[in-house]
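Residue-level listing of the chains:
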Amino acid sequence: MNPNPHILEPGFPLPLESQPVCSAQTVIWAERKSPVLSSSSLACLAHIPCVNLTSGCAHDCIYCYARGYRNFPGYNKIIIYKNMLEKLKSELIRKRNKPHAVYFSPSSDIFQPIPEVLELSHSILEFLLSKDIGIAFLTKGKIPDETLDLLINHANIVRAQVGIITHDDNVRKMFEPNAASIAIRLKQMAKMASGGIAVEGRVVPILPGITDTPDAIDRLCASISNSGIKRAAISALFLRPAITASLKQRILDKGILDDLFSFYKDGKRLAVHAGHSSVIPLSQMRREEIYNRFRQTVMKYGIDLSVCGCMNPDIGGRCNITGKWPKYGLQPGLLD
Ligand code: SF4
C-alpha cells in the first residue's frame, strides 16, 4: 500500500528492448544560418564549443528548461537543420585551430527518437571523431547500436553523461514521456562504461516529494552503481514560467501537481550561472537536505557525487558536465 497516494509505486520491469513511444512530432526542415559551433550561457560550458542539432526536442520532458528559450519552436515541433554537417565542416576548415572537444547539446538531445535526427547525429559524430575531436554529450535517449559502437571505438575521446532522475519507469513516463526507458539507459551506461567511455549519471532534476525519498534515492543509486557507474551529478528542480506552465498542463493528477508546487511556495528568486537568468528554486535548506540524503546514500555504493554549481550558486559545486579533458580551448593543426 502506498502511504502517499500521489507518489507512484515502482513500476513493473519493462523488457530491456522496449522503445520509447514518441508522441507525434512535426519535423520541420530548415537551413541553419547561425554558426553550428556556438557558446552556451551556462558557466560550466563556457570553455567548450556546443552544438544543438535541433531546435525543440522530441523527448518532451515536461520539466525541460529549454521550453522557455526564444528559439523553442512549440510543443511537438522539431526543427532539423539540413545543412548542419556541411556548415560544421566549413566552420572547422576556416578555423586556424580545432577544438579539443565539442559538447552536445545544451538545449536538445543528440539521440532523440527520430530517424533523421539519429542519422544526422551519427554523421556529425563520425566526422568529428575522424578528426580526433573529442565528444562530450548528455542524453536521455536510446543510442543506436551503430553509434554506440562508433563511440566505444573512440572511447578515449568520448565523455558521456546519461540523464537519469529515477529508477521507476512509471515516474519516467510521466516526466520524460518520449525518452528512453530506464532499463535501456542503464543498459547503455553499462555498455559504454565497459567499453572504456567515462560515463556519469546526471540526476537532474530531482523532483521534491517524488524522487527525493530515501527509498527512491537508494534504488536509483543502486541502479546506477549496478551499471558500473561511479560518478553522478545532482540538482533539484527549479521553476521558471515556461516550466510551471508545462507542469500544469501535463500533470493531470491535481494532487501530484499541488504536492509538487507546495515545495516552492516560499521560494525566493535566485540568480543562476546561466547568462542573466534567475529561477525559483527550492529553499536552500531544503536543497541541502536533499543533497545530503544523496551524499549519505552514495557512500554505500561508492559513487563520487557532485552538485551542479551553476544552478546552485548559493551552495556551490562543480558537476563535471563536459567530463574531464586535458585542457579546454584549441589544439593546433588545421583540418584537412
Ligand atoms: S532531453 Fe533535455 S532537451 Fe530534451 S526535452 Fe528532455 S530536458 Fe529538454
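For clarity, every value in this text was computed on a predicted model and none was experimentally measured.

Engineer: Help me out: how do you make sense of the sheet that holds strand β2 (residues 50-51) in this one?
Structural biologist: Sheets are built from strands paired through backbone hydrogen bonds, the pairs being either parallel or antiparallel. A sheet is described by the order of its strands in space; here 7 strands give the open sequence β2-β6-β7-β8-β9-β10-β13, paired in parallel fashion. Every other strand in the sheet has two partners, leaving β2 and β13 (304-307) as the edge strands with one partner each. Bridge count between strand β6 (residues 101-104) and strand β7 (residues 134-139): 4 bridges; the pairing is parallel. Each bridged residue has a counterpart across the sheet, and for F104 the counterpart in β7 is F137.

Engineer: Looking at this model, I keep getting lost on the site of the ligand. Mind explaining?
Structural biologist: Neighbouring the ligand are the residues C57, H59, D60, C61, C64, S107, S108, D109 and K140. Tallied by class, the residues present in the shell around the ligand amount to 3 nonpolar, 3 polar and 3 charged.

Engineer: Honestly, unusual backbone geometry in this entry has me stumped. Any pointers?
Structural biologist: Generally, phi is negative for residues other than glycine and the peptide bonds are trans, each holding for most cases. S105 follows F104 through a cis peptide bond whose omega is -20°. With respect to the element layout, S105 can be found in the loop between β6 and α2 (115-130). Of the consecutive residues V204 and P205, the connecting peptide bond is found in the cis state with omega at 5°. As for its position among the elements, P205 is in strand β9 (residues 198-206). Positive phi, close to 60°, is recorded for D60, a residue that is not glycine. Position of D60 among the secondary structure elements: in the loop between β3 (54-55) and β4 (77-81). Taking the relative accessible area as the measure of exposure, D60 reaches 7% and is therefore buried. Notably, N76 is not glycine yet its phi reads approximately 60°, a positive angle. Within the secondary structure, N76 sits in the loop between β3 and β4.

Criteria and cut-off values
Residues numbered from 1 in each chain as written. Predicted model: local features only at pLDDT ≥ 70, side-chain atom pairs only at ≥ 80, totals over all residues. Heavy atoms only, no water. Pairing = 2+ DSSP bridges. Helix = DSSP H or I, 4+ residues; strand = E, 2+ residues; numbered from the N terminus. Near = heavy atom within 4 Å. Nonpolar A, V, L, I, M, F, W, Y, C, P; charged D, E, K, R; others polar. Buried < 20%, exposed > 50% of the residue type's maximum accessible area, 1.4 Å probe, protein only.

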